[in-house]
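# Geometric and topological summary
Here are the chains, one letter per residue:
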Amino acid sequence: MSLKSPSSLYATSITSFPREIHLNVLTFLRATDLSALQRSCRCFNNRDLIVEVVEHAANHVYPSDLTKGFDTPIVSGEVKSMSFVAKKGARIVKKETKKGKGNPAALTLAVVSTEKTYTYEMLRNMEMLVVARVLSRPEPPLHARSSAFYVSKSWCRAALRWLEVQEEERKEREERHRVAEEAKAVLVTPTKGRKKAPHPGSSGKKKLSRKEQRQRDRRMSDASPPWSNINTDLVCEHGDLMRCSSKSARARRRVMDKQAWKVLKRLYPDSIQLDAGVGSTGCLACAAEAETAKKAELDQKEEEKAERRKPLACPLVRGFYTRGSKGYPADCLVTPQSETKMGMDGFQCPLKPGVYSALPRSWCHRFRKYIKTGEGGFPPAPDASDVLCDAHNFPLVPPHLESYLRGETSALLGGNTSATPHNDGGGESRASLPRPNERALSASRADADTLMSLRAAGLSELDLHAQRVAMAGLEESMQRANIHGINDIQADDSTRQFDRSITNEQLDRENRVVVEILTDEEITALEKWWPRLHGFYALKFAIVEDLSTISGTDILWSTPPCRECDASSRATENFAVRNRLQKRLGR
């Protein structure tokens, strides 16, 4: 018994296997792997073995309906036949041969057999045909998806694009080969009557334009071989089906039946199997992580909301936050006063005596928006420097604030801002006629003074009576005229009240800066949330009682307002002056 090395024993054992074992082993390999094995080992470079492998793959490995027609010229190109001398059982063919000139022909017998030759290139074309037919199948119905599987749609598109490019390249190779064969045949024929042979490297087709060539190159450059794992973009980090919305699932997943999935799994063994049954909802680990992340996000939002709403713990800040669109503290409004404490025009300041501040409405809106939603981030410290004029650096009192403090308007921000005085409980205007008893008292006093003057002048009683009748008629006519005038004034006031119902947009147009009114305690409470700032500018004013004035109150500003600059929005308008002659001069 001779001793042999393990490598020699291993090599001898592999090559000595029966043909059936070789066939079963080779059917697990792809065409590219078999081609490399054929070039590397003489044992597997056997034509009969190659034919058996291709036939076994076409008849047993893949369904026959998917491999039907793989050896036709449409799929695998021109199918050549190979003649060789048969051994036993081959059919005998008669053939005539001439031994020489003038000698009779002799019949000789030759044993010839003709068979089709299969190559691994045909096996590769078969695999491409199987993939194309599998991907062209429709999705199974809903009731039959209990045994179906998911396949990535992006992989299907890439595979179909790659197969299309490979088919075009195969057709071009065959066309060039055909043209080269025709050129050789033309060269063999006699010179007389021979056509001009085409170039062996040309395809014989019409040359493409530059645009068509660029489009073809771009289409073929995008194509890449399909990756080994079909569902690599459908799998999560845990190796299970990735969870996504129904719309995203329809756009990324495709359902295939069990037979089609087995075919793809055999061609791409690295693919991960994903069941498409009714109960397959996705990776449970990803679902748990998503729920945990969602709960953590909600907790973080609640913490941020609680952090933002910390200022509302102070009643003063909470009152400023919940003020809404009024723009002034409602608890600082004065109660309706009697007529003796109002001015001659019937107007009075609507706020109680005290110290107040005015802040821009834009900052107040940003502060409330941050407290409610957190949008925009934590606002900067409250600052009213926008109301300062650029020329003198003095505050410009907004017209809507000044009108409200004078009592000329009933609302500070938007709404009904008619210039009407306060009404009494009956709803009638205080600019109506005097009361009857006051009118009679004033008339009696005027009559007594007039009679004493006339008697002192020496008039008789008859003349006095005639004068009194004339004065009574004159007074009646004046009262009628006064009544008509007052009715006209009231009608004008109602029209003005309807016209002065303005909006926030009109406020922005009529005022350079729109402000809100805060009490001094509210400003102090807001300052605590900016501890690093020692102070900021606020438009402060005080309402004090002053009996020397008609309305009984006076407004004192911490900084004297600028009366030379315009506080309305007209001062900030930009006007573009264009030269109309530029178009005529051609500039």
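Residues numbered from 1 in each chain as written. Predicted model: local features only at pLDDT ≥ 70, side-chain atom pairs only at ≥ 80, totals over all residues. Heavy atoms only, no water.

## Thoughts on the overall build of the protein chain
In terms of helices and strands, the protein chain carries 20 helices and 12 strands. Buried positions account for 30% of the 587 residues belonging to the protein chain. Taking the contacts inside the protein chain whose residues are at least 6 apart along the sequence as the reference set, 74% of them involve residues at least 24 apart. Within the structure as shown, the protein chain displays about 39100 Å² of accessible surface, and the carbon and sulfur contribution to it stands at 54%. (Helix = DSSP H or I, 4+ residues; strand = E, 2+ residues; numbered from the N terminus. Buried < 20%, exposed > 50% of the residue type's maximum accessible area, 1.4 Å probe, protein only. Contact = heavy atoms within 4.5 Å. Areas by Shrake-Rupley, 256 points an atom, 1.4 Å probe, with all protein chains shown as cover.)

## Considerations on the nonpolar core
Within the largest apolar cluster, 41 residues are counted, with the highest numbers of intra-cluster contacts made by Tyr62, Leu123, Met126, Val130, Val134 and Trp155. Broken down by element, this core gets its largest block of residues, 10 residues, from helix H7 (residues 120-135). Setting aside residues no more than four positions away along its own chain, Tyr62 makes contact with Ala57, Thr67, Met126, Glu127, Val130, Val263, Arg266 and Leu267. Within the second largest apolar cluster, 39 residues are counted, among which are Cys349, Leu413, Val513 and Leu526. (Core = buried A, V, L, I, M, F, W, Y, C linked by side-chain atoms within 4.5 Å.)

## Here's the deal with the pairing of strand E10 (residues 515-519)
Summarising burial for E10: five of the five residues are buried, a large majority. One ladder, built from five bridges, connects strand E7 (residues 354-360) with E10; its direction is antiparallel. Each bridged residue has a counterpart across the sheet, and for Pro360 the counterpart in E10 is Val515. (Pairing = 2+ DSSP bridges.)

## With respect to unusual backbone geometry
In this model, Asn393 sits at a positive phi of 60°, which is unusual for a non-glycine residue. Locating Asn393 in the fold gives a position in the loop between helix H14 (361-373) and helix H15 (399-405).

## Overview of the environment of Glu164
Among the secondary structure elements, Glu164 is positioned in helix H8 (residues 153-188). When the C-alpha positions of Glu164 and Ala132 are compared, they lie 9.4 Å apart, and in sequence the two are 32 residues distant.

## Remarks on the pairing of strand E5 (residues 149-152)
Because side chains alternate across E5, one face comprises the buried residues Phe149 and Val151, and the other comprises Tyr150 and Ser152, equally buried. Judged from the four bridges that link them, E5 and strand E6 (residues 253-256) form a sheet pairing that is antiparallel. Note that in E6 the partner of Ser152 across the bridge is Arg253.

## A closer look at empty space enclosed by the protein
This structure, assessed with the given rule, holds three cavities of 30 Å³ or more. Taken as a whole, the largest cavity holds about 50 Å³ of empty space. Every residue along the wall of the largest cavity is listed here: Val134, Arg137, Pro138, Glu139, Arg254, Val255, Met256, Asp257 and Ala260. (1 Å grid on protein atoms, 1.4 Å probe; cavity = no way out; pocket = protein on both sides within 12 Å on 5 of 7 lines; lining within 4 Å. Points joined across faces, edges and corners; volume = space filled by probe spheres on them.)

## Remarks on the confidence of the model for the protein chain
With 69% of its residues at a pLDDT of 70 or more, the protein chain shows a mean pLDDT of 74. In this model, residues 416-441 is a region of pLDDT below 50 whose contacts with residues beyond four sequence positions or in other chains number 43 contacts. Counting interchain partners and residues more than four positions distant, the pLDDT-below-50 stretch residues 580-585 has one contact. (pLDDT = per-residue confidence, 0-100.)

## Concerning the environment of Thr15
Here Thr15 shows up in helix H1 (residues 6-15). Given the relative accessible area of 41%, Thr15 is considered partly exposed. Taking the C-alpha atoms as reference, Thr15 lies 8.9 Å from Phe44; in sequence the two are 29 residues apart. Residues contacting Thr15, with those up to four places away along its chain left out, are His22 and Cys43.

## Observations regarding the sheet that holds E7
Taken in spatial order, the four strands of this open sheet run E10-E7-E11-E12, and their pairing is antiparallel. Lying at the two open borders of the sheet, with one neighbouring strand each, are E10 and strand E12 (553-557). Between one strand and the next, the sheet's axes are offset by a mean angle of 30°, whatever the strand orientation. Pairing of strand E11 (residues 539-545) with E12, which is carried by five bridges, proceeds in the antiparallel orientation. Bridge pairing in E12 links Ala542 to Leu556. (Axes fitted to C-alpha atoms, helices over the stretch in contact; angles between N-to-C directions.)

## Quick notes on the packing of helix H4 (residues 47-61) against H7
Taken N-terminus to C-terminus, the directions of H4 and H7 make an angle of 15°; their axes are 10 Å apart at the nearest point. Classed by the angle they form, the pair H4 and H7 counts as roughly parallel. The two elements H4 and H7 cross, and the hand of that crossing is left-handed. Residues Ile50, Val53, Val54, Ala57 and Ala58 of H4 form the contact with H7, whose participating residues are Tyr120, Leu123 and Met126. Partitioning the contact of H4 with H7 into residue classes produces eight nonpolar, no polar and no charged. (Parallel < 35°, antiparallel > 145°, perpendicular 65-115°, else oblique. Left-handed = near helix turned anticlockwise from the far one by under 90°. Nonpolar A, V, L, I, M, F, W, Y, C, P; charged D, E, K, R; others polar.)

## Topic: the packing of aromatic side chains
Any aromatic ring pair is given by two values, namely how distant the centres are and how the planes are angled relative to each other. The tally for this structure, following the rule as stated, stands at 11 aromatic pairs. Taken together, a centroid distance of 5.4 Å and an interplanar angle of 10° make the contact between Trp363 and Phe367 stacked. Placement of the pair is Trp363 and Phe367 together in helix H14, with a separation of four residues, close to one helical turn. For Trp363, a relative accessible area of 7% translates into the label buried. Pairing Phe378 with Trp530 gives two aromatic rings, centres 5.3 Å apart and planes at 35°, and the pair type is tilted. (Phe/Tyr/Trp six-rings, centres within 6.5 Å; stacked < 30°, edge-to-face > 60°.)

## Examining the side chain of Arg254
As for its position among the elements, Arg254 is in strand E6. Within the local environment of Arg254, its side chain forms a polar contact with the backbone oxygen of Arg137, the two atoms lying 2.5 Å apart. Among residues more than four places away in sequence, those in contact with Arg254 are Val134, Leu135, Ser136, Arg137, Glu139, Phe149, Tyr150, Val151, Lys153 and Cys156. (Polar contact = N/O pair within 3.5 Å; in protein donor to acceptor, adjacent residues only side chain to side chain.)

## Section: helix H19 (residues 520-527)
Residues of H19 that are buried: Glu522, Ile523, Ala525 and Leu526. The buried residues of H19 all sit within an arc of 160° when viewed along its axis, so they share a single face. Check the buried side of H19 and you find it contacts helix H13 (315-321), E7, H14 and E10. (Arc of directions from axis to C-beta.)

## Quick notes on the packing of H7 against helix H11 (residues 258-267)
The N-to-C vectors of H7 and H11 enclose an angle of 145°; their axes lie 10 Å apart at closest approach. As H7 runs across H11, the sense of the crossing is left-handed. Residue-level contacts link Glu127, Val130, Val131 and Val134 of H7 to Ala260, Val263, Leu264 and Leu267 of H11. In terms of residue class, the contact of H7 with H11 is built from seven nonpolar, no polar and one charged.

## Let's talk about the side chain of His400
Counting through the fold element by element, His400 comes out in helix H15. Given a relative accessible area of 8%, His400 falls into the buried group. A distance of 3.2 Å separates the side chain of His400 from the backbone nitrogen of Val515, its partner in a polar contact. Not counting residues up to four positions away in its chain, the partners in contact with His400 are Thr409, Leu412, Leu413, Leu507, Asn511, Val513, Val514 and Val515.

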